[in-house]
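Coordinate inspection notes
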Amino acid sequence: MNAAPPQRTGPGTVKAAPGRPAGPAPARPRPASARRLLLRALPLSPAVALLLLFLAGPIAYCVVIAFTDLQLTGQAEESFVGLDNFRRAFQDDAFLNAVWLTLVFTVLSSLVGQNTLGLALASLMQRASKPVRTLTGGIVVTAWVLPEVVAGFLLYAFFRREGTLNAILDWLHLPSQNWLYTLPILAVSFANVWRGTAFSMLVYSAALNEIPKEITEAAEVDGAGGRRRMWHITLPMIRRSIATNLMLNTLQTLSVFGLIWVMTRGGPSGKSQTLPLFMYEQAFQNSLIGYGTAVALLLLLIGSLFSVVYLRLLRTEV
């Protein structure tokens, strides 16, 4: 005796014959979505083409040059030298000194200076009156929007032997000195803090405004002081903004060139020569394009390492 055929009772459902379990109808194969993906990617194609042309292309060309002995003058054609430029860099005391000064400059002016001062200004401006916020914000942002060369000349006039800082110290009957000669890396670090703190202040002001007032008011009612509220409530709630600000500030600080060049030109005796200035000196003053490009790739590698660390901090925490 043959079993009865299955019967349909509704769309997508099959009623099984007696003795057979019911189940969903087999799904129909969907049409190919390649055309839809192409239409979605089409508006992005101009941006991708520009990135490949002006970003990926130059980087790839620099990678090629870094493995050659290309020079600006006195050379008919370049030749492939392999890793010689990178070996030369790690055996060069001037390069190692530039790496050390770059790390000192980044830590002092970005990780400590701009980050800490920006958070402090953002916290104080939240409690200040509107005229004070407007005046303070205007002063800080003005230093940020100034061209780097102009800011360098202003800070050079402030720190030079006959500059404003020594005039103030003389008026206070305190000892003065030639800051650009005795402490050049500290002088340029202070200049970068003065110029770049506005960005951190704006980032932290936006982050602090997103904290619900009910949380801070409840903590204040429970007896938590300002320091405990900052450490246990404010900082944990804006930790993603802190990581983002640190990453952007670090990458910007690693590439600072004009500010230091105007103030000290890396001197005296290389005491303020960071990697961008060392790279410029080797490539354009000593005409060693291949060696200078290898140094640039090493600087790019340092920036990538910082980015990886900060991106791990930006992962969503459970």
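Every chain's residues receive numbers from 1 upward, in the order its sequence appears when written. The predicted origin of the model limits local features to residues at a pLDDT of at least 70 and limits the giving and counting of side-chain atom pairs to 80 or more, whereas totals for whole chains, interfaces and linings rest on all residues. The basis for the side-chain values is all heavy atoms of the structure; hydrogens and waters are excluded.

1. Some remarks on the side chain of Asn166
What counts here: Helix and strand definitions here come from DSSP, where helices need a minimum of 4 consecutive H or I residues and strands a minimum of 2 consecutive E residues; each element is numbered from the N-terminal end. Throughout this description, buried means an accessible area under 20% of the type-specific maximum (1.4 Å probe, protein chains only), exposed means over 50%, and partly exposed covers the range between. By the convention used here, residues are in contact when the closest approach between their heavy atoms is within 4.5 Å.
Turning to its location among the elements, Asn166 is positioned in helix H7 (residues 164–171). Relative accessible area serves as the criterion here: at 1%, Asn166 is assigned to the buried category. Apart from residues lying up to four places away in sequence, Asn166 is in contact with Arg160, Arg161, Ser176, Gln177 and Trp179.

2. Brief notes about the layout of surface pockets
Note the following rule: Residues are said to line a cavity or pocket when one of their atoms sits within 4 Å of a point; the points come from a 1 Å grid over protein atoms alone, cavities being sets where a 1.4 Å probe fits but cannot get out and pockets being open sets with protein on both sides within 12 Å along at least five of seven lines. Grid points are joined across faces, edges and corners, and a volume is the space filled by probe spheres set on the points. Each residue gets one of three labels, nonpolar for Ala, Val, Leu, Ile, Met, Phe, Trp, Tyr, Cys and Pro, charged for Asp, Glu, Lys and Arg, and polar for the others, Gly among them.
Of the voids in this model, the largest pocket is the one considered here, and its volume is about 530 Å³. Here the lining of the largest pocket is built from residues that sort into four nonpolar, six polar and five charged. Counted as a void, the second largest pocket has a volume near 280 Å³. Looking at the second largest pocket, it is lined by 14 residues, and the ones nearest its centre are Cys62, Met279, Gly292, Thr293 and Ala296. Every element with two or more residues in the lining of the second largest pocket is listed here: helix H2 (45–66), helix H14 (275–285) and helix H15 (289–313). Its residues placed into classes, the lining of the second largest pocket shows 12 nonpolar, two polar and no charged.

3. With respect to the side chain of Gln282
The condition that has to hold: Any pair of N or O atoms that falls within 3.5 Å is considered a polar contact. Within protein, one atom must be able to donate a hydrogen and the other to accept it, and sequence-neighbouring residues count only if both atoms are side-chain atoms.
Examined against the element boundaries, Gln282 turns out to sit in helix H14. Side chain to side chain, Gln282 and Asn286 meet in a polar contact 3.2 Å long. Sequence-distant contacts of Gln282, defined by excluding residues within four places in its chain, comprise Ser287, Leu288, Tyr291 and Gly292.

4. Topic: the pattern of salt bridges
Counted only if it meets this: A pairing counts as a salt bridge when a side-chain nitrogen of Lys or Arg comes within 4 Å of a carboxyl oxygen of Asp or Glu.
A full pass over the atoms with the stated rule returns two salt bridges. Put simply, Asp84 and Arg87 hold a salt bridge, and the shortest N to O gap is 2.8 Å. Taken together, the residues span about one helical turn, with Asp84 and Arg87 both in helix H3 (residues 84–90) at a distance of three residues. You can call Asp84 partly exposed: its relative accessible area is 41%. Put simply, Glu162 and Arg160 hold a salt bridge, and the shortest N to O gap is 3.5 Å. Residue Glu162 is classed as exposed on the basis of its relative accessible area, which comes to 59%.

5. Observations regarding the nonpolar core
Considering soluble globular proteins, one finds that nonpolar side chains tend to be buried as a cluster. Note the following rule: To define a nonpolar core, start from buried Ala, Val, Leu, Ile, Met, Phe, Trp, Tyr and Cys residues and group those joined through side-chain atoms within 4.5 Å.
The biggest cluster of nonpolar side chains holds 19 residues, and the ones touching the most others in it are Phe105, Phe159, Ile185, Val188, Leu259, Ile260 and Met263. At the level of secondary structure, the elements contributing two or more residues to this core comprise helix H4 (93–127), helix H6 (148–159), H7, helix H8 (179–182), helix H9 (184–209) and helix H13 (258–263). Take this core: its biggest share by element is four residues, from H9. Setting aside chain neighbours within four positions, we find Leu259 in contact with Glu148, Ala151, Gly152, Val188, Ala191 and Asn192.

6. Side note on the packing of aromatic side chains
Basically, it comes down to this: A pair of Phe, Tyr and Trp rings is counted when the ring centres sit within 6.5 Å of each other, with Trp represented by its six-membered ring. The angle between the planes then sorts it: under 30 degrees is stacked, over 60 is edge-to-face, the rest tilted.
Under the counting rule described, the total for this entry stands at 14 aromatic pairs. Between Tyr280 and Phe284, the ring centres sit 5.5 Å apart and the planes meet at 40°, which makes this aromatic pair tilted. Taken as a pair, Tyr280 and Phe284 lie in helix H14 at a separation of four residues, close to a single helical turn. Tyr280 gets classed as partly exposed once you look at its relative accessible area, which sits at 29%. Ring geometry for Phe306 against Tyr310: centres 6.4 Å apart, planes inclined by 25°, an arrangement best described as stacked. Of this pair, Phe306 and Tyr310 both sit in helix H15, four residues apart, which is roughly one turn of the helix. For Tyr310, a relative accessible area of 7% puts it in the buried group.

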